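Results of the structural survey
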Amino acid sequence: MAPLPFNKDLLMRFQSLFCPTTDQHQLHVMHISQSASQGVPILMIHGMCEDGHIFYHESGKGLACYLAQKGFDVYVADLRGIGKSTPKIGRHCHHGQTETITEDIPQLIEFVKQHSYQSHLHLAAHSWGGVNINSCLLRRPDLIPCVLSNVYFGSKRSVRAKTFNRYLMINLFCNNILRLLGKIHGYVPAVKYKLSSGDTTAKTHVQCVDWVKKDNWIDTDDGFNYGQAAKTVTLPPTLYYAAINDLSLGHRFDVQNFLKESGNHKHQYGLLGTKNGNALDYDHNNMLTAEECLTDHFPNVLDWFNRHEMLDGKLT
């Protein structure tokens, strides 16, 4: 793709790449960088029922574009069958979050390292993307040495917050209506019904609901115990953000519970809202999409990544 102007002083390049995985799937990766960038790579993973556009827009908006403007080499993934990844999700698709954790994220990490000619990278995620990343790293601790740090927005595994929005969005909508659509269609056609920006497979949805409901963090395919692994595996330094007006999909109590169950690792927690000095009381999505992010917390994300760079082979 031709370079698109970000502002009068800077050009950014948007380049669609494709990462091969099993079953002839091609994972779409949007590579966003300055025209001659050799910056540290950042891989971004979206959440359930959405695609990589939660992080960027071709006009130059979003966290991915902000970080590319600051010199990072940004790679935004569309998970299997979602966004521009091929083939699209349909009733013929039988993969789930286990495949995301054990196959796709490891492959994406290696793909970004190879394409960027870098041995280390940062990871960023929205919502369930953070659960998938932590699960991947707990299961594949051999990948941890190449991960400099993580930043998660509204990431939670189980949902325990007792709010009306929780019962409406999680208990009624996610756990029942989407499950019914999955049984009827063989997958969850969320885009067709204008429920969200991304479809999901029936298996992914069932596995997600299982984790949301249960205290135990155990893989439903093979019984791998992620919670037990978190007691001995040390994850990379991670910045966890919650939004004050996120009352169900990433409630601050659930984000903090996810932080705790992920084990003893260097971390920082931030709650985005006006009482903490932010311009907005953010919610689950606009914590990444609102214009105010550029001056509120995106600079803190930049500072976090800059503080976890390599210096003579060691973390700074």
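Reference entry: report on the structure contained in this document.

Rules behind the numbers
- Residues numbered from 1 in each chain as written.
- Predicted model: local features only at pLDDT ≥ 70, side-chain atom pairs only at ≥ 80, totals over all residues.
- Heavy atoms only, no water.
- 1 Å grid on protein atoms, 1.4 Å probe; cavity = no way out; pocket = protein on both sides within 12 Å on 5 of 7 lines; lining within 4 Å.
- Points joined across faces, edges and corners; volume = space filled by probe spheres on them.
- Helix = DSSP H or I, 4+ residues; strand = E, 2+ residues; numbered from the N terminus.
- Disulfide = S-S within 2.5 Å.
- Buried < 20%, exposed > 50% of the residue type's maximum accessible area, 1.4 Å probe, protein only.
- Pairing = 2+ DSSP bridges.
- Polar contact = N/O pair within 3.5 Å; in protein donor to acceptor, adjacent residues only side chain to side chain.
- Phe/Tyr/Trp six-rings, centres within 6.5 Å; stacked < 30°, edge-to-face > 60°.
- Lys NZ or Arg CZ within 6 Å of the ring centre and 35° of its normal.
- Contact = heavy atoms within 4.5 Å.

**With respect to empty space enclosed by the protein**
Within the structure shown, the criterion is met by one cavity of 30 Å³ or more. Estimated volume of the largest cavity: approximately 150 Å³. In this structure, the largest cavity is lined by 17 residues; those nearest its centre are Leu79, Ile82, Thr100, Thr200 and Thr204. Where the lining of the largest cavity is concerned, the elements lending two or more residues are helix 2 (97-116), helix 3 (128-139) and strand 9 (200-201). Considering each element in turn, the lining of the largest cavity owes the most residues, three residues, to helix 3.

**Quick notes on the state of the cysteines**
This structure, assessed with the given rule, holds zero disulfides. Here cysteine 293 stays free of any disulfide, with the sulfur of cysteine 65 as its closest cysteine sulfur at 13 Å. What makes cysteine 293 buried here is its relative accessible area of 0%.

**Re the pairing of strand 6 (residues 121-126)**
Counting buried residues along strand 6, six of its six residues qualify, which places the element largely inside the surrounding structure. Judged by which residues are buried, strand 6 turns out to be covered on both faces: Leu121, Leu123 and Ala125 on one side and His122, Ala124 and His126 on the other are all buried. Two elements, strand 4 (residues 41-45) and strand 6, share four bridges in a ladder whose sense is parallel. Each bridged residue has a counterpart across the sheet, and for leucine 43 the counterpart in strand 6 is leucine 123. For strand 6 and strand 7 (residues 147-153), the ladder comprises five bridges, and the chain directions are parallel.

**Observations concerning the side chain of arginine 157**
The topology assignment puts arginine 157 in the loop between strand 7 and helix 4 (164-185). For arginine 157, the side chain forms a polar contact with the main-chain oxygen of tryptophan 211, separated by 3.0 Å. Among the polar contacts made by the side chain of arginine 157, one reaches the side chain of glutamate 261 at a distance of 2.7 Å.

**Re the packing of aromatic side chains**
Per the stated rule, a full pass over the model turns up 11 aromatic pairs. Ring geometry for tyrosine 66 against phenylalanine 298: centres 5.6 Å apart, planes inclined by 45 degrees, an arrangement best described as tilted. Of this pair, tyrosine 66 sits in helix 1 (residues 63-69) while phenylalanine 298 sits in helix 9 (residues 298-307), and the two are 232 residues apart along the sequence. For the pair formed by tyrosine 66 and phenylalanine 298, the shared burial category is buried. Here a set of aromatic residues connected by ring pairs shows up, and it is made of Trp128, Tyr152, Trp211, Trp217, Phe224, Tyr226, Tyr240 and Phe258. Of note, arginine 252 hangs over the ring of phenylalanine 253, and the distance from its end group to the ring centre comes to 5.2 Å.

**As for unusual backbone geometry**
Cis geometry is found at the peptide bond from threonine 86 to proline 87, where omega equals -15 degrees. Here proline 87 lies in the loop between strand 5 (73-77) and helix 2. You will see that cysteine 49, though not glycine, has its phi angle at about 55 degrees, which is positive. By secondary structure assignment, the location of cysteine 49 is in the loop between strand 4 and helix 1. In this model, serine 127 sits at a positive phi of 55 degrees, which is unusual for a non-glycine residue. Among the secondary structure elements, serine 127 is positioned in the loop between strand 6 and helix 3.

**As for the side chain of threonine 204**
Among the structural elements, threonine 204 can be located in helix 5 (residues 202-213). The class of threonine 204 is buried, set by a relative accessible area of 10%. Setting aside chain neighbours within four positions, we find threonine 204 in contact with Met48, His95, Gly96 and Gln97.

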